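Tertiary structure, described
Residue strings, one per chain:
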Amino acid sequence: MREEMYSVEQVADRLGLHVRTVRGYIRAGRLKAVRIGKQYRIARADLEALTGRPQPAPARSAGVAPVEVSSIVQIDGIDRAAADRLNTLVLAGANTSRDPARPLRIQTVHDEDRDRMKIVILGGAAATADVLRLLEAILDGGNNDLLAGDAGGA
């Protein structure tokens, strides 16, 4: 069975590091790598040894690329304070994402002149669906007291 090997760029992307940092780890001996020609290759087991935990399996199997979803949610009739509270709730929900290797990217914008908020969500289909369900529960589920600032006297 062939062991999976990563390039320095792939390791940097997976760990959220700069390529130079990964090369520095290799030179310092913190990360084992094999030099093939002018490039380094890092075995999956060596990457796991560096991080102390197994790396998620690559999303590509049988030539299928991972799915990424883009969603824009528009909420009308929301003031700045409520938009800030909703932003906090959404970001907290996103931080509990199921795939740390592919975190959600969320951006919010509030238009005070129109009392309108837009939430842009980019990420995997399942994680995006989780955030959309959270939004639905907050906005349609009768939890409007969370947005009104009466969150149990907090």
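Structure report, in brief. (Residues numbered from 1 in each chain as written. Predicted model: local features only at pLDDT ≥ 70, side-chain atom pairs only at ≥ 80, totals over all residues. Heavy atoms only, no water.)

With antiparallel pairing, 3 strands are arranged side by side in an open sheet as β4-β6-β5. The sheet is open, and its two borders are formed by β4 (69–76) and β5 (105–111), each paired with just one other strand. Going from strand to strand, the sheet's axes swing by 10° on average, the running direction of each strand aside. (Pairing = 2+ DSSP bridges. Helix = DSSP H or I, 4+ residues; strand = E, 2+ residues; numbered from the N terminus. Axes fitted to C-alpha atoms, helices over the stretch in contact; angles between N-to-C directions.)

Next up on the list: the sheet that holds strand β3 (residues 39–43). Ordered by their spatial adjacency, 3 strands build an open sheet running β1-β3-β2, and the pairing between neighbours is antiparallel. Here the strands that pair on one side only, and so sit at the sheet edges, are β1 (5–7) and β2 (34–36). Across the sheet, the mean angle from the axis of one strand to that of its neighbour is 40°, orientation sign disregarded. The sheet contact formed by β1 and β3 spans 3 bridges and is antiparallel. Paired with tyrosine 6 across the two strands is isoleucine 42, which belongs to β3.

What follows concerns the environment of arginine 105. By the element assignment, arginine 105 lies in strand β5. Through-space distance from the C-alpha of arginine 105 to that of isoleucine 121 is 5.9 Å; in sequence the pair is 16 residues apart.

Right, let's get into the side chain of aspartate 46. For aspartate 46, the position within the fold is in helix α3 (residues 44–51). Among buried charged residues, aspartate 46 stands out as having no salt bridge; its nearest opposite-charge side chain is lysine 32, 4.2 Å away. Leave out the neighbours within four places in its chain, and aspartate 46 touches Leu31 and Lys32. (Buried < 20%, exposed > 50% of the residue type's maximum accessible area, 1.4 Å probe, protein only. Lys, Arg positive; Asp, Glu negative; His and termini not counted. Salt bridge = Lys/Arg side-chain N within 4 Å of Asp/Glu carboxyl O. Contact = heavy atoms within 4.5 Å.)

Bringing the environment of alanine 82 into the picture now. Residue position: alanine 82 is located in helix α4 (residues 80–94). Here alanine 82 falls in the buried class, since its relative accessible area comes to 7%. Residues alanine 82 and methionine 117, 35 residues apart in the sequence, show an inter-C-alpha distance of 9.7 Å.

None of this, on its own, says anything about what the molecule does.
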